[in-house]
Every structure is written in structure tokens, then in C-alpha cells.
Amino acid sequence: MNTTSTRVIGLDLSLTATGIADAQGDRIHTATIATHPYGPGLDERMRRIWYIAERIWRVIEDGPRPALVVIEGPSYGSCGGQAHERAGLWWHVADRLLGVYCLPVATVPPAAVKKYATGKGTATKPDMRMALYKRAGLDVADDGQVDAWWLAAAGLDHLGRPPVTLPADQRKALAAVEWPEEAK
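Along each chain, the written sequence defines residue order, and numbers are assigned to residues from 1. In view of the model being predicted, local features appear only for residues whose pLDDT reaches at least 70, and side-chain atom pairs are presented and counted only at 80 or more, with totals across whole chains, interfaces and linings using the full set of residues. Only hydrogens and water are set aside when side-chain values are computed; all heavy atoms of the structure are taken into account.

### Brief notes about the overall build of the protein
Here's step 1: Numbering goes from the N terminus for both helices and strands, where a helix is a DSSP run of H or I of at least four residues and a strand is a run of E of at least two. Secondary structure summary: the protein contains six helices and five strands in total.
Here's step 2: Each helix and strand of the protein, ordered N terminal to C terminal, gives the series β-β-β-α-β-α-β-α-α-α-α.
Here's step 3: Classification of the 184 residues of the protein by burial places 45% in the buried group.
Here's step 4: Summarising the internal contacts of the protein: among those between residues at least 6 apart in sequence, 64% fall at separations of at least 24.
Here's step 5: Per element, the accessible surface of the protein, about 9400 Å² overall, is 54% carbon and sulfur.
Here's step 6: Neither His nor the chain ends contribute to the count of charged residues, in which Lys and Arg are positive and Asp and Glu negative. Where a charge sits is defined by one atom per residue type, namely NZ (Lys), CZ (Arg), CG (Asp) or CD (Glu). Placing the 21 positive and 21 negative side-chain charges of the protein at their respective mean positions leaves the two points 3 Å apart. Residue exposure (1.4 Å probe, protein chains only): buried if accessible area is under 20% of the type maximum, exposed if over 50%, otherwise partly exposed. Contacts between residues were defined by any pair of non-hydrogen atoms, one from each residue, lying within 4.5 Å. Accessibility throughout is a Shrake-Rupley quantity obtained with a 1.4 Å probe, and a residue counts as covered only by protein chains that appear here.

### Brief notes about the sheet that holds strand β2 (residues 17-24)
Here's step 1: What the five strands build is an open sheet, ordered β3-β2-β1-β4-β5; its pairing is mixed. In this open sheet, the two strands that pair with only one neighbour each are β3 (27-34) and β5 (105-108). Between one strand and the next, the sheet's axes are offset by a mean angle of 20°, whatever the strand orientation.
Here's step 2: Direction of pairing for strand β1 (residues 8-12) relative to β2: antiparallel, over a ladder of five bridges. From the neighbouring strand, V8 faces β2, where its bridge partner is A23.
Here's step 3: Orientation is described by lines fitted to C-alpha atoms, with helices fitted over the stretch in contact, and by angles between N-to-C directions that extend from 0 to 180 degrees. Helix-sheet contacts for helix α5 (residues 143-158) involve β1, β2, β3, β4 (68-72) and β5, and the interaxial angle to β1 is about 140°. Here the rule is simple: two strands pair whenever DSSP picks up at least two bridges between them.

### Side note on the side chain of D147
Here's step 1: Along the polypeptide, D147 turns up in helix α5.
Here's step 2: In this structure D147 comes out as buried when scored by relative accessible area, which is 3%.
Here's step 3: A polar contact is formed between the side chain of D147 and the side chain of K125, at a distance of 2.6 Å.
Here's step 4: Excluding residues that lie within four positions of it along the chain, D147 makes contacts with D12, E72, K125 and M128. Polar contact criterion, stated in full: a pair of N or O atoms within 3.5 Å, where within protein one must be able to donate a hydrogen and the other to accept it, and residues adjacent in sequence count only if both atoms are side-chain atoms.

### Some remarks on helix α3 (residues 110-118)
Here's step 1: Within the sequence span of α3, burial applies to P110, A112, V113, Y116 and A117. All buried residues of α3 project into a common sector of 165° when viewed along the axis, lining one side.
Here's step 2: The elements touched by buried residues of α3 are β4, β5, α4 (125-136), α5 and α6 (168-171).
Here's step 3: Of the residues trailing α3, G119 is marked for its positive phi of about 95°. Comment: arc refers to directions from the helix axis out to C-beta atoms.

Put into C-alpha cells, the structure is as follows:
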């Protein structure tokens, strides 16, 4: 594998503001896929999921084939009115990444990406942002972009291209991830 051109995508899926990080070369570019509130109808809720997914596919298709896609795993403790839709989004994206694009996909538990970034599995959103600023000198205000950046960084680290230097204890969080065979 040519490490200078290895591409890794990080995804922090959300119904309102999905964070996406596209790591190519020496840079990790981040963006947000924002959506507006939707009505109660099934067709409106599905259009929202399709809209988010379509924007993800555009990023994936706009460049070399990713060596790895890293997605934050579901938060199984979450509840509320949109938990069902969030699960639908997660599975819709995972299905297409694996079944249509045939890409290697790793799922990182939320606590593992927090520990990787900050050293604490219970880190807050501001902790994640501050860790990004301290380690990479990046001041990114969008929480989804911050998480997506750290997910892409974890994927790069797994592939032997860590974008930042982290203490060994933080890097141990990568052991909690089931890395696909194609990305080992």
C-alpha cells in the first residue's frame, strides 16, 4: 500500500450535522453535512437519510478509492424520539459502504475515539476539541467535524500513518476497534 496516497474517511453520523473527514496526503479535510428539521411523514424522514447518504457518496467518489472508512459506532445508551432514525441512517450508510462500494469499514466505539483523542473514554465535546487544538493546532468549532477528524486520524494511525503523536496509553484505544482484514 502506498502510504503517501492512502485515503481514509472518518464519519460521525448525525441526523442534523454529520461530520465527515477526508484524509489524503498530509491533510485531513473536514466538512459538515447539515440538514433541517423534517416533518412526521415516513417519506420526509427517509429523504433526510438519503440526503445525508448522498453527500457522503459524493465525497467518497470524489477522489481515489479509500483504503479505509472509520465510522463512530452507535451510542447504545441513547434514547429519545430520533434513536430509530439515527439507527436507520447508520445502517443505511454501513450497508452501502460494505455492499455497494465494497470498502473496508471499521466501527469505533464512542468511548474508544474519546480515549484515543484525549486519554479519557468519558471526554466531553470541548475536551475533544481542545485535544485537536493541542495536538494538531486546529481550531474546529463543529463537534461532528472534530469527531470525524479523530476517527480519520485513528484509521491513519492503524495504517501506520498517525497524523499526530499521541501517548502510548491513548493509542491503546485502537485495540478496542475491530479493524477489517483488508486494512490490517
